[in-house]
Amino acid sequence: MTALHAILVAGADPLSHVVDRDLIGSGPYAITMNTVTLVVAALVFVWVIQTVAKAIGTGPESQGNERYITKGRLAQLVEVITLYLRDTVVRPQLGADANKFMPLLLSLFFFILINNLFGLIPLLDLQHLIGAFMGNEHFAVIGGTATGRIAVTAALATVAFVVWNAWGIKSGGVGGWVKHFTGGAPWYLWPIMIPVELMGLIVKPAALTIRLFANMTAGHILLAVLIGFVAASIKALGVWGVPVSAVSFLGAVAILFLELFVAFLQAFIFMFLTALFIAQLTHHHHEDDHHHAHAYDEDHPATKDVTAPVTM
């Protein structure tokens, strides 16, 4: 089989770009192609973060003022993204508690982002090309998008779910965490509020899981279909299929740039919603504190409370 034929075969089956395959073993404990991709992406994530941290960190005094300057375009890009997320997303949501959750939220964002970007690298097609020379056009050991696998997105959502509920219990106690199911509504609305909040307890992690999984899968299938048209139209129509191939190719390029945007967008949305769900429990407890403080002020006006300082 020629290398060109291998490329055409790879583009003719869109599902081959999103369906996982077992490499070692079978069943739930098998080592799959997505597993290898996930491990490699995790190693790249750790390497990038360590490299960037060294570039951003303050250097020795011998460098003078230069030691405060972030070195390298990658480090500068990560620094800008980090500061933007901290100042415009996390701090407005979490306030004084922002620094406690920055490591987790940034880890989620960059880990998901790197996995999303890995899916845009045509690793499968390159391996199919190599396999054509080896006599196995389906050769592949790495590829696909790990975040296009629902087990991976479910695991990430589970981590976020545990964190925001553990924080809710820690910050407000078990009683405060249970009380948030009433939504601060009067007791006669509890039969409505409690079931809704209990459903929200399940819907929130499910939304994180399905949104990331569906967007990564759908985008890659659409891109693979357009690439498949490039090959199929020429094969079916010959020279008359060239215009169709040209339009399909341009469409694939446009979708590729859209997928690049979606890779950043979905990482941002996952991190943003996690911060929002944490903030909902935090703000609920703070509102209770303000309510109690307001009730105390009404019962103890400053003009009558001898313990309250009065400035004349």
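The preceding data block contains the structure.
Residues numbered from 1 in each chain as written. Predicted model: local features only at pLDDT ≥ 70, side-chain atom pairs only at ≥ 80, totals over all residues. Heavy atoms only, no water.

Colleague: Honestly, the packing of aromatic side chains in this entry has me stumped. Any pointers?
Modeller: Here the distance between the centres and the angle between the planes together describe a pair of aromatic rings. For the structure on display, the rule yields six aromatic pairs. Between the aromatic rings of Phe109 and Phe110, the centroid separation amounts to 5.0 Å while the plane-to-plane angle is 85°, which identifies the pairing as edge-to-face. You'll find Phe109 and Phe110 in the same group, each marked buried. Note on Phe268 and Phe272: the rings are 5.9 Å apart at their centroids and 15° apart in plane angle, and the pair reads as stacked. With Phe268 and Phe272 both in helix α8 (residues 242–299), this residue pair falls four residues apart, about one helical turn. Here Phe268 falls in the partly exposed class, since its relative accessible area comes to 25%. Through a chain of ring-to-ring contacts, the aromatic side chains of Phe161, Trp164 and Phe277 assemble into a single cluster. (Phe/Tyr/Trp six-rings, centres within 6.5 Å; stacked < 30°, edge-to-face > 60°. Buried < 20%, exposed > 50% of the residue type's maximum accessible area, 1.4 Å probe, protein only. Helix = DSSP H or I, 4+ residues; strand = E, 2+ residues; numbered from the N terminus.)

Colleague: I tried to follow the layout of surface pockets on my own but got confused; where do I start?
Modeller: The rolling of a water-molecule-sized probe over the atoms marks out the regions of remaining empty space. As a volume, the largest pocket reaches approximately 400 Å³. Around the largest pocket, the lining is made up of 18 residues, and of these Pro122, Asp125, Leu223, Ile227 and Leu256 lie nearest the centre. Among the elements that line the lining of the largest pocket, the one with the most residues is helix α7 (residues 190–237), at five residues. Among the residues forming the lining of the largest pocket, the class breakdown is 13 nonpolar, four polar and one charged. (1 Å grid on protein atoms, 1.4 Å probe; cavity = no way out; pocket = protein on both sides within 12 Å on 5 of 7 lines; lining within 4 Å. Points joined across faces, edges and corners; volume = space filled by probe spheres on them. Nonpolar A, V, L, I, M, F, W, Y, C, P; charged D, E, K, R; others polar.)

Colleague: Sorry, what's going on with the pattern of salt bridges here?
Modeller: For side chains of opposite charge, pairing can occur when their charged atoms come near one another. Evaluation of the coordinates by the stated rule reveals three salt bridges. Ionic pairing is found between Arg86 and Asp87, a salt bridge with its closest N-O pair at 2.9 Å. Accessibility expressed as a relative area gives 25% for Arg86, which makes it partly exposed. Note on Asp87: relative accessible area 38%, which makes it partly exposed. The salt bridge partner of Asp87 is Arg91, with a shortest N-O separation of 3.6 Å. Of this pair, Asp87 and Arg91 both sit in helix α3 (residues 73–94), four residues apart, which is roughly one turn of that helix. We classify Arg91 as partly exposed; its relative accessible area is 37%. Residues joined in a network through salt bridges with shared partners are Arg86, Asp87 and Arg91. (Salt bridge = Lys/Arg side-chain N within 4 Å of Asp/Glu carboxyl O.)

Colleague: Help me understand the nonpolar core, please; the structure alone is not making it clear to me.
Modeller: Leu94, Phe109, Phe110, Leu156, Leu208 and Phe270 are the most contacted members of the largest nonpolar core, which has 48 residues in total. Contributions of two or more residues to this core are made by α2 (33–56), α3, α4 (98–118), α6 (150–179), α7 and α8. Per-element accounting of this core gives the leading share, 13 residues, to α4. Among residues more than four places away in sequence, those in contact with Leu208 are Ala157, Ala160, Trp164, Phe270, Leu273, Thr274 and Phe277. (Core = buried A, V, L, I, M, F, W, Y, C linked by side-chain atoms within 4.5 Å. Contact = heavy atoms within 4.5 Å.)

Colleague: I keep staring at α3 and nothing clicks. Help me out?
Modeller: Working note: α-helix, 3.6 residues per turn, so residues spaced by three or four point in the same direction. In a regular helix each residue adds 1.5 Å, so 22 residues correspond to 32 Å; α3 covers 30 Å between its end C-alpha atoms and thus fits that length. A maximum bend of about 35° is found in α3 at Arg86. Of the positions making up α3, those classed as buried are Ala75, Val78, Ile81, Leu85, Val89, Val90, Gln93 and Leu94. After α3 finishes, the residue Gly95 shows a positive phi value of roughly 60°. (Expected span 1.5 Å × (residues − 1). Bend = angle between axes of the 7 residues up to and from the residue.)

Colleague: Looking at this model, I keep getting lost on the side chain of Ser248. Mind explaining?
Modeller: Inspection of the secondary structure assignment puts Ser248 in helix α8. In this structure Ser248 comes out as buried when scored by relative accessible area, which is 7%. The contacts of Ser248, once residues within four sequence positions are left out, are Leu226, Phe229 and Val230.

Colleague: I tried to follow the side chain of Thr32 on my own but got confused; where do I start?
Modeller: Relative to the elements of secondary structure, Thr32 occurs in strand β2 (residues 31–32). Side chain to side chain, Thr32 and Thr35 meet in a polar contact 2.9 Å long. Of note is the side chain of Thr32, whose polar atom sits 3.1 Å from the side chain of Arg149. In this structure, Thr32 is in contact with Asp20, Arg21, Asp22, Leu23 and Arg149, ignoring residues within four places of it in sequence. (Polar contact = N/O pair within 3.5 Å; in protein donor to acceptor, adjacent residues only side chain to side chain.)

Colleague: Sorry, what's going on with the packing of α3 against α4 here?
Modeller: Any two packed helices are characterised by the angle at which their axes cross and by the distance between the axes. Interaxial distance between α3 and α4 falls to 10 Å at its minimum, and their mutual angle equals 130°. The angle between α3 and α4 places the two elements in the oblique class. Taken as a pair, α3 and α4 cross one another with a handedness that is right-handed. Here Val78, Ile81, Thr82, Leu85, Arg86, Val90, Arg91 and Leu94 of α3 lie close against α4, whose contacting residues are Ala98, Asn99, Phe101, Met102, Leu105, Leu106, Phe109 and Phe110. (Axes fitted to C-alpha atoms, helices over the stretch in contact; angles between N-to-C directions. Parallel < 35°, antiparallel > 145°, perpendicular 65-115°, else oblique. Left-handed = near helix turned anticlockwise from the far one by under 90°.)

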